[in-house]
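Take a look at the letters that make up each chain.
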Amino acid sequence: MHLLTTQQMAQADQLTMDSGLSGCDLMQNAAEAVASIIRQLAGADQLIQILCGPGNNGGDGYALGAILVREWRNVEIFAVAAPKDDSDAAWARSKWGKDVRPLSEFRPDGSAIIVDALFGAGLSRPLEGDALEAVERANGSAATIVAVDIPSGIGGNDGKIYGTAIEASDTVTFFRGKPGHWLYPGRGNTGRLHVKQIGIEERVLRTIDSNCRLNGPFLWIGSLPSSENSTHKYERGAALIFSGAALSTGASRLSALAAARAGAGAVTLVAPPDAARVHAAHLTAIMVNEAETREDALERACNGKERAAVIGPGYGVGEPLKKLVLGLLKASNSALKTIVLDADALTSFREDPETLFDAIRAGKKNVVLTPHEGEFSRLFPNLAEGHAKTEKAAEAARRSGAIVLLKGSDTVIAEPDGCIAINPNGTPLLATAGSGDVLAGIIAGLAAQNMPLFLAACAAAWLHAEAARSFGRGLVADDLPDQLPAILESLFDTEERGQ
Ligand SMILES: NC(=O)C1=CN([C@@H]2O[C@H](COP(=O)(O)OP(=O)(O)OC[C@H]3O[C@@H](n4cnc5c(N)ncnc54)[C@H](OP(=O)(O)O)[C@@H]3O)[C@@H](O)[C@H]2O)[C@@H](O)CC1
Ligand SMILES: [K+]
């Protein structure tokens, strides 16, 4: 599903109005959509307190009030300022036609439903004065809060809080969601998101240049590898995982198991001899190859049948890892097409990230970088602050020439050409040691089966979170790979049933 910025939503609005529907029609439809949610949440006698701003978000609030009083509901409206004369919002206020009290007089009734129609797509600065106080009062009350379009104070494009922001239990938005509904902290303030259709036609998306999508199976299920037609393990796809030293083998082992559970037919760990023995004691289905030196490991990678490799987890930050990564990126004429750079492989380039980016751009490999925020700020120090997470990831992908999967509870995946996906099913359960190693392994496992790399990264982020959810409390990273087969199976089942 596309996500639209506030500017793109305004464009959708305008394109719709150009083809005949008026702004007042859209506002009326928007208000009807919010009313349908209020009817589900409110008892017949429950007080509805609507807070209206000066723009069209406020207009939606007045139009909603007019609908609800016709149903004999008990409605109060408080406004921060009157709408401009002759605006759609002024039309809606005239439809309401009853008393409007100043926002400074708003006192929440703990048993009421508060409708937040203060600011939506037009939020242009931090909340202050009466609006700020009203939002704080509403949040401090026991009332249920329903936000119109987006909780007031949340930036529609970046999900950031401007001054303060409404904490809604439900948010009703129109046509498509916005990045700010899905990026934290906005996602936390949004509550349940209801996306309602108000007469904007799908075809406007052909004109609007939207590059941001919500991640989910609908995006990549058609490309998800199925092992049905492969009879040989190498035909199914092989992955190579680079191991660190004997005392830090766990991370690479997690990546290897995840790659195998994601469907790679053959997974090999390449490890220094003492580490190889540790792996051998733990593993059965995963192959282990010894490599005496870094050069041996590189040679093994270049002469193998593996299409995808993971390097970084548990390897150890430093010059040897840098050289190995640069060697892999440079190697031509090998089956290895995809390299997932994670953890130590990212941190090793913190002093000179440009060396890494130059090598990625110069080489012929498809590369995914999987930083968490800390690793990201080491590689892209001037992008770390201020920007929206989507913009940070997109700019990092453009600069590095790699797909960037910026981890977090709202993981963002970006391609160098500007396509972005926001992952919606992240969970705090994933904040556990080794979880990132598993994610890197899933990406490699899917890429080894020839899944297009951006889609593989999107699918991996979603499957990884789904695996955590399906295990639940008490999860440790070791549990994640084992959850994957059942999740993959149910995805294929669903697709076969055409759902
Ligand atoms: N797109 C669609 O499909 C449809 C959209 N619809 C609705 O329209 C909404 C967008 O309407 P909108 O453009 O009028 O913006 P809105 O959010 O009402 O705010 C603008 C006003 O607030 C003011 N203001 C801003 N920040 C402020 C602050 N911190 N503190 C104080 N003031 C502040 C700002 O002042 P200014 O920046 O101009 O000085 C301006 O006066 C959208 O969210 C949806 O609900 C539906 O009706 C129909 C279909
Ligand atoms: K709002």
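Treat the numbers as computed from the prediction; the structure is a model and nothing was measured.

What counts and what doesn't
- Residues numbered from 1 in each chain as written.
- Chains lettered and ligands numbered in written order.
- Predicted model: local features only at pLDDT ≥ 70, side-chain atom pairs only at ≥ 80, totals over all residues.
- Heavy atoms only, no water.
- UniProt positions renumbered as here; feature names shortened; annotations may be inferred.
- Helix = DSSP H or I, 4+ residues; strand = E, 2+ residues; numbered from the N terminus.
- Core = buried A, V, L, I, M, F, W, Y, C linked by side-chain atoms within 4.5 Å.
- Buried < 20%, exposed > 50% of the residue type's maximum accessible area, 1.4 Å probe, protein only.
- Patch = residues over 30% accessible without salt bridge, like charges linked within 9 Å, V, L, I, M, F, W, Y side chains within 5 Å.
- Areas by Shrake-Rupley, 256 points an atom, 1.4 Å probe, with all protein chains shown as cover.
- Salt bridge = Lys/Arg side-chain N within 4 Å of Asp/Glu carboxyl O.
- Lys, Arg positive; Asp, Glu negative; His and termini not counted.
- Charge placed at Lys NZ, Arg CZ, Asp CG, Glu CD.
- Near = heavy atom within 4 Å.
- Polar contact = N/O pair within 3.5 Å; in protein donor to acceptor, adjacent residues only side chain to side chain.
- 1 Å grid on protein atoms, 1.4 Å probe; cavity = no way out; pocket = protein on both sides within 12 Å on 5 of 7 lines; lining within 4 Å.
- Sits in = over half its atoms within 2 Å of the grid points.
- Points joined across faces, edges and corners; volume = space filled by probe spheres on them.
- Nonpolar A, V, L, I, M, F, W, Y, C, P; charged D, E, K, R; others polar.
- Disulfide = S-S within 2.5 Å.
- Expected span 1.5 Å × (residues − 1).
- Axes fitted to C-alpha atoms, helices over the stretch in contact; angles between N-to-C directions.
- Parallel < 35°, antiparallel > 145°, perpendicular 65-115°, else oblique.
- Left-handed = near helix turned anticlockwise from the far one by under 90°.
- Contact = heavy atoms within 4.5 Å.

1. Looking at the UniProt feature "domain: YjeF N-terminal" (unreviewed entry) in the chain
As recorded in UniProt, the feature "domain: YjeF N-terminal" (unreviewed entry) lies at residues 9-206. Counting secondary structure, residues 9-206 comes out at 39% helix and 16% strand; the distance between its end C-alpha atoms is 13 Å.

2. So, the nonpolar core
Counting 56 residues, the largest nonpolar core has W220, L224, I413, I442, L446 and L463 as the members making the most contacts within it. Listing elements by their share of this core, those giving two or more residues are β9 (238-242), α11 (250-261), β10 (266-271), β12 (308-311), β15 (403-406), α19 (435-448), α20 (453-471) and α21 (480-496). If you tally residues by element for this core, the top one is α20, at 14 residues. Core analysis: the second largest hydrophobic core is formed by 45 residues, A309, I311, I339 and L379 among them.

3. Remarks on a negative patch on the surface
Among the surface-exposed residues, E489, D493, E495 and E496 lie close enough to one another that they form a single negatively charged patch. Assignment of secondary structure puts E489 in helix α21.

4. Some words on the site of ligand 1
Ligand 1 sits among 21 residues. The nearest are D60, G120, S124, R125 and D149. Taking N56, its main chain carries an N or O atom lying 2.9 Å from an oxygen atom of ligand 1. S124 has a polar side-chain atom sitting 2.7 Å from an oxygen atom of ligand 1. When the free accessible area of ligand 1 is taken as 930 Å², the share hidden by the protein chains comes to 77%. Assessed atom by atom at 2 Å from the grid points, ligand 1 resides in the largest pocket.

5. Comments concerning the layout of surface pockets
The space that makes up the largest pocket amounts to roughly 880 Å³. Lining of the largest pocket is provided by 33 residues; of these, N56, N57, G120, A121 and G122 occupy positions nearest its centre. Where the lining of the largest pocket is concerned, the elements lending two or more residues are α1 (6-18), α2 (23-41) and α3 (56-70). Among the elements that take part in the lining of the largest pocket, α1 stands out by supplying 5 residues, more than any other. Grouping the constituent residues of the lining of the largest pocket by class yields 18 nonpolar, 8 polar and 7 charged. There is about 410 Å³ of room inside the second largest pocket.

6. Some thoughts on a nonpolar patch on the surface
A contiguous nonpolar surface patch, about 270 Å² in accessible area, is contributed by M1, V195 and F218. Structurally, the position occupied by V195 is in strand β7 (residues 192-196). The exposure class assigned to V195 is partly exposed, which follows from its relative accessible area of 30%.

7. Thoughts on the state of the cysteines
Considering all chains together, one arrives at 0 disulfides under this definition. Among the cysteines around C24, which has no disulfide bond, C52 carries the closest sulfur, lying 15 Å off.

8. Considering helix α14 (residues 319-330)
Taking 1.5 Å of rise per residue, 12 residues should cover 16 Å, and α14 covers 16 Å from first to last C-alpha, within 8% of that figure. Three or more residues of α14 are buried, namely L321, K322, L324, V325, G327, L328 and L329.

9. Topic: the packing of α19 against α20
Relative to each other, α19 and α20 sit at 140 degrees, their axes nearing to 8 Å. Classified by the angle their axes make, α19 and α20 are oblique. Seen from above, α19 lies across α20 with right-handed handedness. Residues S435, V438, L439, I442, I443, L446 and A447 of α19 lie in contact with α20, whose contacting residues are L453, A456, A457, A459, A460, A461, L463 and H464.

10. Re the pattern of salt bridges
Inspection of every chain in the model, using the stated rule, returns 22 salt bridges. Residues R101 and E76 are paired through a salt bridge, measuring 3.9 Å at the closest nitrogen-oxygen approach. Of this pair, R101 sits in strand β3 (residues 101-102) while E76 sits in strand β2 (residues 75-79); the two residues are 25 residues apart in sequence, bridging distant segments of the chain. The partly exposed category is assigned to R101, whose relative accessible area is 30%. The partly exposed category is assigned to E76, whose relative accessible area is 23%. Between E201 and R203 there is a salt bridge, with the nearest N and O atoms lying 2.8 Å from each other. We classify E201 as partly exposed; its relative accessible area is 43%. Since its relative accessible area comes to 39%, R203 is described here as partly exposed. In this structure, a network of salt bridges that share partners links the residues E373, K389, K392 and D410.

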